[in-house]
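Remarks on the overall topology
One letter stands for each residue in the lines below.
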Amino acid sequence: MTAALSKTVILWIFVAAVLVLLSAPTIVILGASFTSGNIITFPPDGFSFKWYAKIAASRDLWQAFLRSVYVSAICTIVAIPVGTLAGIALAKYAIRFEKSVQIYLLLPFTIPLIGSAIGLMLIFGEARILGQLWPVGIACCVINLPFMIWAVTASAASLDPDLELAAASCGAPPLSTFLHVTLPAVLPGVISGALLMFILALNEFLVSLLLTDARIVTLPVQIYNSIRSIITPDLAAISVVFIACAVLAIALLDRLVGLEIFLKSK
Amino acid sequence: MSEKSEMSLMLRRRRFLQGAATIGGAAGLSSLGWSSAFAQEPEKPAELIVRAWGGSWMDSLKAGVSDSFTAKTGIAIRHDLTEDNEIQPKVWAAVAQGRVPPIHINWDTTTNATKSALRGVTEDLSDLSNLKNTTDLAKPVGLDGYPIVNTYGYVYVLAYRPEAFPNGAPKSWKDLLDPKYKGRIALYNDGIGFHFPAQVAGGGKLEDIPANMQPAWDFIAKMKEQQPLLGEDPDFTTWFQKGEIDAACTISTNAREAKKNGIDIKWVVPEEGAKFDTDGLWIPKGLPANELYWAKEYINHSLTVEAQQIWLDGLGLPGVVPGVKPPADLVDDPSYPTTEDAFKHLIRVSSKVQVENESEWFSKFKAIMQG
Amino acid sequence: MRAAKSAYPLRWRIMDAMEAFAAFIWPARFGRAIPWLMLAPALLLVGLLVLGLIQIGDASLRTLDTTTFLMSESYTFANYQRAFSESLFAAIAWRSLLGALIVTVITLILAFPYAYVMVRTTSSITRKLLLIALFLPFFIGQVVRAYGWLIILGNQGMVNEALGLVGVAPIRLLYNYWAVLFGLVQYMLPFAVLMLAPALMAIPEELEAAAGSLGAHWVATFRHIVLPLARPGLVGAGLVVVTLSLTDFAMPAILGGGSQDFIANAIYDQFFRTSDQGLGSTLALLLVAVGSLLVGLVFTVFGAGTLAMGRARR
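Parameters and conventions
- Residues numbered from 1 in each chain as written.
- Chains lettered and ligands numbered in written order.
- Predicted model: local features only at pLDDT ≥ 70, side-chain atom pairs only at ≥ 80, totals over all residues.
- Helix = DSSP H or I, 4+ residues; strand = E, 2+ residues; numbered from the N terminus.
- Buried ≥ 20, exposed ≤ 12 C-beta atoms within 10 Å, placed from the backbone.
- Contact = placed C-beta atoms within 7 Å.
- Rg over C-alpha atoms; globule rule 2.2 N^0.38 Å.
- Nonpolar A, V, L, I, M, F, W, Y, C, P; charged D, E, K, R; others polar.
- UniProt positions renumbered as here; feature names shortened; annotations may be inferred.
- Pairing = 2+ DSSP bridges.
- Right-handed = clockwise from strand over helix to strand, strands pointing away.
- Axes fitted to C-alpha atoms, helices over the stretch in contact; angles between N-to-C directions.
- Left-handed = near helix turned anticlockwise from the far one by under 90°.
- Domains from an automatic or database assignment.
- Arc of directions from axis to C-beta.
- Core = buried A, V, L, I, M, F, W, Y, C linked by C-beta atoms within 7 Å.
- pLDDT = per-residue confidence, 0-100.

Each helix and strand in chain B was counted, giving 13 helices and ten strands. Taking all 371 residues of chain B together, the buried fraction comes to 50%. Taking contacts inside chain B between residues at least 6 apart in sequence as the whole, the part at least 24 apart equals 74%.

Printed below as a string of structure tokens:
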């Protein structure tokens, strides 16, 4: 009993520390957004909704947000098939030059974002596709692709090779096996990977900065740019609205498919 | 309803809308006056994109120049808030690849703009009609013609919290070497604005720039012992507001911004002097002819007394057109030089010398500070 | 509908057609190519970055002429010479490498128990809350998040005010190396937990219970059963954290007070401040090389981590 207790206590000390670490700045920013002063402070300097009123009145912000959602959608739609296929391939098959392939597929993480940004700007510029939003989505997909691949391979661990073999030996053709056995097994990984891709694209600013212009600026780029001059509480308010949207989306997801799907492989 | 009749209705409606637009356009034209209608202006673009710094910088540009330009011409102005140094590779790549650049007008530091001018990506602005009314400050030093037009000047002052200087304002940059300011000083992270006064404070001569700047490096090495914070414009305002620093070498506008937010803050030009520099406007190459025409008109408009007055009231900086009055809080302020005497205390180095050596100065500064 | 019951269902027909189509474009004799075909889209997408790298490689061999601000026409290794000879770059490279390693170790130590509790807890509410707490920080950009830390850890921040109550003078907690590492750990934690969780799920709970019933202390169970079995997840999470922190730009810029640059900051300076794309490209390429070497080393020493899990069990 005491051993079990010590285990619980020690584990929860770590969990509590991580929770504080993760949430402290969020809570501070959340509180600071209701300040009536002109500076982000905590505890807030008086209470008001004036910064929310300010951002609510801004059509630019709203449009930038919609663009960000569009970019994230493109990113996710591309990432799902690409990452799922690659993830399954890596998990299932012994591939020649596997180590090289893996190092190659990790390039999005080993190339500094500034390098990727400059490179993609030159490539897209040469292809005359700058000034549109979809290439930004593609770019966000490329730079975060390893997350998608890994989310899938990680859940492919629960993919029982015997099960696939059984399906095949029962006469199931390869596509059926893939659709009815392989895919359902990696579905949790696909969903959590897709969610991560969406969220990361929704917040990406450095690569998007070089790929957008003033007509198609996305929300994180707009925030990044306005931070470069002075930091005012409206940025806190935007963050809070962003969080509220996220919580709503997560709640909706929980209702529809159940959050458990991220952590239960079957 | 049949598809055909629906279509014809739509067509009719579209034609009607077009007609209405023409009438509206004509009305707009008449308000401009007959002279401009007969001048055969090139076709107006729906909007022009002006790169600007955000916050109060953009607010003042919008109030002073953009809004009045829109009122005069009907062309909307969109502000691109990408940082000046981050838009640079975008514009350069666009020109190199023969694409239309992402902005029409760049509001830029003269140093950065000079790089673009040397690279040949700027349009010549010598034919702007309002240039004849400007002071010498408007002309870029060391460049042919007007690849950029300087629109105002600014001073890298020594800003300080009076509370931390009980014996009165600091008189010299050397005062910052007092051990009690250890960790309480802020400089720009590339040392910009500090190199030249450091040259004087270190016992060197301004004439030796760029040949011998050892005195500057010696002084900066001493300053390194004070463990200064290094940042960019918004950092200075934030750090003053949050009580992280007591003194900084920064553009007076940032200090004034913190002051507006209720922070007790003052600034001086120390005895060694302070760096004076300019910002300007320029147009990248590669725009369609009509957009180029209206972009030039925008810059021309920014050189009117009316536009300068409102724009620079917001920034608290001296303009390039005679007749612009300083805002009430900056009369006789060292950060708002108007007389020859005031300029004597300021250090101005040609932007050509600056851009040619900047890279080296910058890495020297970094090497000292990151060491 | 009723007729369909006895007849061949439509769904089967469609499946058959699709199988036939699949067999047509993807005959069985292509079997060995299947993994490569599945990898192809990903390889192509990342190929966009490789195209960019080629441009960067070209630029790295040209020097900047500061009288025209154009890159030289001829190729030279001058930038590489500079990168290797200037002590500034060596100092920054060492700082980033060491920082990335420290951040990885601390992040894994913190993320492991969190992921474990999240996976093993019997309460679905707890699990959801822990999961949500992971995702929320993403929605406050790094810059605003850093501002939050300034409010908490700044000279006049909450922590120093609390210390002031017990008579401790304000301590500078921000704008040093440790502040940067702290910010990186906070930024990397959600990634690490998300990479670890699937690996922990793959460990059967019964295994731990069995060890416990045989009298093993939970610490021993952790050391001899959970940790070794979670190794793929630890390697995967470690790789993500080490590569992302090695190439990070924002945290050193915001929490380092300007004197704690990482390599990405030096690259930024060259591209955006001194307009020297040649030197910037050189530093970027060298960073890619170092990062890839590190990844290769980890793969060689620990195996491919998370990626190999599915096969490892076969």
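Next comes the rest of the write-up.
This next bit is on the overall build of chain C. A count of helices and strands for chain C gives 16 helices and two strands. Its C-alpha atoms give chain C a radius of gyration of 26 Å, more than 25% over the compact-globule value 20 Å for 314 residues. Within chain C, contacts between residues separated by at least 24 positions form 72% of all contacts whose residues are at least 6 apart in sequence.

Each side of the interface is counted separately: chain C has 84 residues, and chain A has 95 residues. Sorting elements by how many residues they give to the side of chain C that touches chain A places helix α3 (residues 34-60) of chain C first, with 14 residues. Of the residues belonging to the side of chain C that touches chain A, the class tally is 62 nonpolar, 15 polar and seven charged.

Our focus in this paragraph is the interface of chain B and chain C. If you look at the interface, chain B gives 27 residues, while chain C gives 25 residues. For the side of chain B that touches chain C, the elements supplying multiple residues, two or more each, are α4 (84-96), α5 (110-119), β6 (229-231) and α13 (351-370) of chain B. The greatest single-element share of the side of chain B that touches chain C, amounting to ten residues, is contributed by α13(B). Split by residue class, the side of chain B that touches chain C holds eight nonpolar, ten polar and nine charged.

The next thing to look at is the UniProt feature "transmembrane region" (unreviewed entry) in chain C. Residue and element names in this part refer to chain C. When the UniProt feature table is mapped onto this chain numbering, "transmembrane region" (unreviewed entry) sits at residues 36-56, 92-117, 129-154, 174-197, 233-255 and 283-308. As a span, residues 36-56 carries 100% helix and 0% strand, and end to end its C-alpha atoms are 28 Å apart. Note that residues 174-197 is 88% helix and 0% strand, and that its end C-alpha atoms are spaced 32 Å apart.

A few words now on the pairing of strand β2 (residues 76-80) of chain B. Residues and elements named next belong to chain B. By the bridge criterion, five bridges tie strand β1 (residues 47-51) to β2 in an arrangement that is parallel. Bridge pairing in β2 places V50 opposite H79. One crossover worth recording links β1 to the parallel β2 by way of helix α3 (residues 56-73), and it is right-handed.

This next bit is on the UniProt feature "domain: ABC transmembrane type-1" (unreviewed entry) in chain C. Mapped onto the present numbering, the UniProt feature "domain: ABC transmembrane type-1" (unreviewed entry) falls at residues 93-298 of chain C. Between the end C-alpha atoms of residues 93-298 of chain C there is a gap of 19 Å, over a span that is 78% helix and 0% strand.

Attention now goes to the packing of helix α3 (residues 59-92) of chain A against helix α7 (residues 134-156) of chain A. Residue and element names in this part refer to chain A. Where α3 contacts α7, the axes come no closer than 6 Å and their chain directions differ by 35 degrees. The way α3 lies across α7 gives a crossing that is right-handed. Residue classes in the contact of α3 with α7 are distributed as 19 nonpolar, five polar and one charged.

Residue and element names in this part refer to chain B. Across the twelve residues that make up strand β4 (residues 149-160), a large majority, twelve, are buried. In terms of strand pairing, β4 meets strand β7 (residues 247-251) through five bridges, oriented antiparallel. Within β7, the residue paired with A159 across the bridge is A248. Looking at chain direction, β4 and strand β8 (residues 266-268) are connected through three bridges and run antiparallel. What sits directly across from Y160, in β8, is K266.

On to the domain arrangement of chain B. Residues and elements named next belong to chain B. Taken as a whole, chain B is organised into domain 1 (43-153 + 278-329) and domain 2 (155-276 + 339-370). On a C-alpha basis, the centres of domain 1 and domain 2 stand 27 Å from each other. Tallying the contact residues gives 14 residues for domain 1 and eleven residues for domain 2.

Turning next to helix α7 (residues 214-224) of chain B. Given 3.6 residues per turn, any residue in an α-helix points the same way as the ones three and four places further on. Residues and elements named next belong to chain B. Of the positions making up α7, those classed as buried are A216, F219, I220 and M223. Projected onto a plane normal to the axis of α7, the buried residues spread over an arc of 100 degrees and lie on a single side. Residues of α7 that are buried in the fold lie against α6 (195-201) and α13.

Further remarks concern unusual backbone geometry. When glycine is set aside, most residues are seen to have a negative phi, and most peptide bonds are trans. The omega torsion of the bond from F42(A) to P43(A) falls at -5 degrees, within 30 degrees of zero and hence cis. Among the secondary structure elements, P43(A) is positioned in the loop between α1 (2-32) and α2 (50-56). Look at the link from I209(B) to P210(B): it is a cis peptide, with omega at 5 degrees. Looking at where P210(B) falls in the secondary structure, it is placed in the loop between α6 and α7. With a phi angle near 55 degrees, F69(C) is a residue other than glycine that sits in the positive phi range. With respect to the element layout, F69(C) can be found in the loop between β1 (64-65) and β2 (70-71).

Right, let's talk about the nonpolar core for a bit. Counting 286 residues, the largest nonpolar core has M197(A), A111(C), A115(C), A192(C) and L196(C) as its most contacted members. Residue contributions to this core peak at 19 residues, all from helix α9 (residues 177-201) of chain C. Not counting the four nearest positions on each side in its chain, L196(C) is found in contact with A111(C), F112(C), A115(C), A230(C), G233(C), L234(C) and A237(C).

A few words now on the environment of V157(B). Position of V157(B) relative to the elements: it lies in strand β4. Residues in contact with V157(B), not counting those within four places in the same chain, are S252(B), A255(B), W267(B), V268(B), V269(B), A274(B), P334(B) and S335(B).

All right, on to the confidence of the model for chain C then. Low pLDDT means the predicted coordinates in that region are not meant to be read closely. Per-residue pLDDT for chain C has a mean of 87; in total, 92% of the residues score no lower than 70. The ipTM value of the predicted complex is 0.89, and its pTM value is 0.89.

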